[in-house]
Amino acid sequence: MAAKPDFKTCLITMTKKILITGGAGFIGSHVVRRFVNHYPGYKIINLDLLTYAGNLENLKDIERKPNYEFIKGDIADSGFVHSLIAEHQPDAIIHLAAESHVDRSILNPLSFVYTNIVGTVNLLNASLKRLESSPDFLFYHISTDEVYGSLGKDGFFTEVTRYDPRSPYSSSKASSDHLVRAYFHTYQLPVVISNCSNNYGPNQFPEKLIPLSLNNMLHEKPVPVYGKGENVRDWLYVEDHAAAIDLVFHRGKAGETYNIGGHNEWHNIDLVKLLSKIMDKKLGKPAGFHERLITYVKDRAGHDLRYAIDASKIKNELGWLPSLQFEEGLEKTVDWYLENRDWLSRVTSGEYANYYQTQYHTR
Ligand code: NAD
Ligand code: TDX
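Residues numbered from 1 in each chain as written. Chains lettered and ligands numbered in written order. Predicted model: local features only at pLDDT ≥ 70, side-chain atom pairs only at ≥ 80, totals over all residues. Heavy atoms only, no water.

## Quick look at the overall build of the chain
Moving on, step 1. Looking only at helices and strands, one finds 13 helices and twelve strands in the chain.
Moving on, step 2. C-alpha atoms of the chain, sized along the principal axes, occupy 65 × 45 × 40 Å.
Moving on, step 3. When each of the 363 residues of the chain is scored for burial, the buried share is 56%.
Moving on, step 4. Contacts spanning at least 24 positions in sequence make up 82% of the contacts within the chain whose residues lie at least 6 apart. (Helix = DSSP H or I, 4+ residues; strand = E, 2+ residues; numbered from the N terminus. Buried < 20%, exposed > 50% of the residue type's maximum accessible area, 1.4 Å probe, protein only. Contact = heavy atoms within 4.5 Å.)

What follows is the structure in structure tokens.
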């Protein structure tokens, strides 16, 4: 008797058309790569506006694969989103497109409202239309732990922690999460949401703490640490997040939320000191060479003290655990940035160069 195909084999041979938004960005590019490579039977459409944070270089290795297609467009443009969904008729949407940087949200909240809130509602409305002819349609919304607000020294965010967003960025993400749930309850749109902690790894735009610190160390420039560096973040390697997204997409229950995190808390100052040590070693510099670049600067307005995720639901229900130890993930990340200095100089020219000169980093 022929062996029964296992669950994975069934998925790989099954045809599905998935629209992934924000696939040219940091996390999105890792998710797109994973789906294109792991599921050759799926057609992956990457919809991205290619803002300063989106870069097709991130997907060079898969851009010619037959199951991949890129479409440039703005999720905040309702007419465009509706005609795209009508034309391509996806079976599911995995929604990552967003304005993602807290400091930028403090400078320009409205752009976060357009992309993160209006853009999400446009996708939800187009999904409802699609649901009429595709009853198994799924809308998967990728969100952040920042929606839960700020923790004190103890405790963890769980899926039932009350929302308490404090920055324009987290407020816009919280708003989009609420709207996604509203479409589930009001219109029975099948949805699933995951809220993840801070990601790190290759291809992260050098405005976020880890790549910004590495970029500044490479140029022997001051490494800005906000306030006293006492804030705590829970770090997760980006490919572990992509693996969790794969699991939630295939096995998550409609209407449910899953928290994803690394159980890997670091005070910012300790993290930047560890990065300095790794850079000393990799670049053959004397001990303390990069640490001397650390400069305390004015604190971020409304700076959340601590984030930490309790990821037991996704572990117990879907069997997900992070695969990489932090030291291993950081070494891989540092190696990637050292090997991709051209990428770094390309993405830090133009608009980013202006931003860089005018913000916290010159103080
Ligand atoms: P990113 O800024 O690196 O990428 C965002 C992508 O969205 C870019 O490619 C950009 O071009 C695209 N985009 C922006 N506006 C768009 C628009 N109007 N229309 C179409 N595309 C647009 O962000 P990221 O860090 O990869 O985050 C991806 C998602 O994951 C976001 O929803 C973010 O809230 C969430 N998230 C991020 C983290 C993290 O640590 N980076 C953690 C948890 C959740
Ligand atoms: O130069 C810096 N110096 C500094 O001390 C920068 C850029 C940051 N920081 C601090 C602020 C935070 O406490 O480091 C910590 C991490 O900052 P970011 O990298 O900007 O990330 P954060 O604000 O925690 O938000 C990130 O995690 C959750 C992502 O940007 C979000 O998209 C995600 O949802």
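Don't stop here, the text continues.
## Digging into the packing of helix 9 (residues 268–282) against helix 11 (residues 326–339)
Moving on, step 1. Contact geometry of helix 9 with helix 11 gives a least axis separation of 11 Å together with a crossing angle of 55°. The angle between the axes of helix 9 and helix 11 places the two elements in the oblique class. Every pair of crossing elements has a handedness; the one defined by helix 9 and helix 11 is right-handed. In this structure, helix 9 uses Leu271, Leu274, Leu275, Ile278, Met279, Lys281 and Lys282 to contact helix 11, whose residues at the interface are Phe326, Leu330, Glu331, Val334, Asp335 and Leu338.
Moving on, step 2. The residue makeup of the contact of helix 9 with helix 11, split by class, is nine nonpolar, no polar and four charged. (Axes fitted to C-alpha atoms, helices over the stretch in contact; angles between N-to-C directions. Parallel < 35°, antiparallel > 145°, perpendicular 65-115°, else oblique. Left-handed = near helix turned anticlockwise from the far one by under 90°. Nonpolar A, V, L, I, M, F, W, Y, C, P; charged D, E, K, R; others polar.)

## Regarding the pairing of strand 1 (residues 16–21)
Moving on, step 1. Pairing geometry for strand 1 and strand 2 (residues 42–48), over six bridges, is parallel. Paired with Lys17 across the two strands is Lys43, which belongs to strand 2.
Moving on, step 2. The parallel pair strand 1 and strand 2, bridged by helix 2 (residues 26–38), forms a crossover whose chirality is right-handed.
Moving on, step 3. Direction of pairing for strand 1 relative to strand 4 (residues 92–95): parallel, over a ladder of four bridges. Considered in strand 4, the bridge of Ile18 is made with Ala92. (Pairing = 2+ DSSP bridges. Right-handed = clockwise from strand over helix to strand, strands pointing away.)

## Overview of the confidence of the model for the chain
Moving on, step 1. Overall, the prediction assigns the chain a mean pLDDT of 94, with 93% of residues at 70 or greater.
Moving on, step 2. Within the model, pLDDT remains below 50 along residues 1–13, and this stretch shows ten contacts once partners closer than five positions in the same chain are excluded. (pLDDT = per-residue confidence, 0-100.)

## Side note on the sheet that holds strand 6 (residues 191–196)
Moving on, step 1. The sheet built from seven strands is open, its strands ordered 3-2-1-4-5-6-10 with parallel pairing. In the strand order of this sheet, the two ends are held by strand 3 (68–72) and strand 10 (257–260), each with one partner. Going across the sheet, the axis of each strand differs from the next one's by a mean of 20°, ignoring polarity.
Moving on, step 2. The pairing of strand 2 with strand 3 spans five bridges and is classified as parallel. Paired with Asn46 across the bridge in strand 3 is Phe70.
Moving on, step 3. Helix-sheet contacts for helix 5 (residues 109–131) involve strand 1, strand 4 and strand 5 (138–144), and the interaxial angle to strand 5 is about 165°.
Moving on, step 4. Of the strands in this sheet, strand 5, strand 6 and strand 10 are in contact with helix 6 (residues 168–187), which crosses strand 5 at around 155°.

## Comments concerning the environment of Val113
Moving on, step 1. Mapped onto the secondary structure, Val113 falls in helix 5.
Moving on, step 2. The partly exposed category is assigned to Val113, whose relative accessible area is 32%.

## Quick notes on unusual backbone geometry
Moving on, step 1. Of note in the backbone geometry, Leu50 takes a positive phi value of approximately 55° without being a glycine.
Moving on, step 2. In this fold, Leu50 is placed in the loop between strand 2 and strand 3.
Moving on, step 3. Among the residues examined, Leu50 registers a relative accessible area of 26% and is labelled partly exposed.
Moving on, step 4. Even without a glycine there, the phi angle at Asn203 is positive, about 75°.
Moving on, step 5. For Asn203, the location among the structural elements is in the loop between strand 7 (198–200) and helix 7 (209–218).
Moving on, step 6. Residue Asn203 is classed as buried on the basis of its relative accessible area, which comes to 9%.

## Observations concerning the site of ligand 2
Moving on, step 1. Neighbouring ligand 2 are 21 residues, the closest being Glu146, Tyr169, Arg233, Arg300 and His303.
Moving on, step 2. Within the side chain of Thr144, a nitrogen or oxygen atom sits 2.8 Å from an oxygen atom of ligand 2.
Moving on, step 3. Within the side chain of Asn198, a nitrogen or oxygen atom sits 2.9 Å from an oxygen atom of ligand 2.
Moving on, step 4. Coverage of ligand 2 by the protein chains reaches 95% of its 650 Å² of free accessible surface.
Moving on, step 5. Breaking the shell around ligand 2 down by element, the ones donating at least two residues are helix 7 and strand 8 (223–226).
Moving on, step 6. In terms of residues, the shell around ligand 2 owes the most to one element, strand 8, which gives three residues. (Near = heavy atom within 4 Å. Polar contact = N/O pair within 3.5 Å; in protein donor to acceptor, adjacent residues only side chain to side chain. Areas by Shrake-Rupley, 256 points an atom, 1.4 Å probe, with all protein chains shown as cover.)

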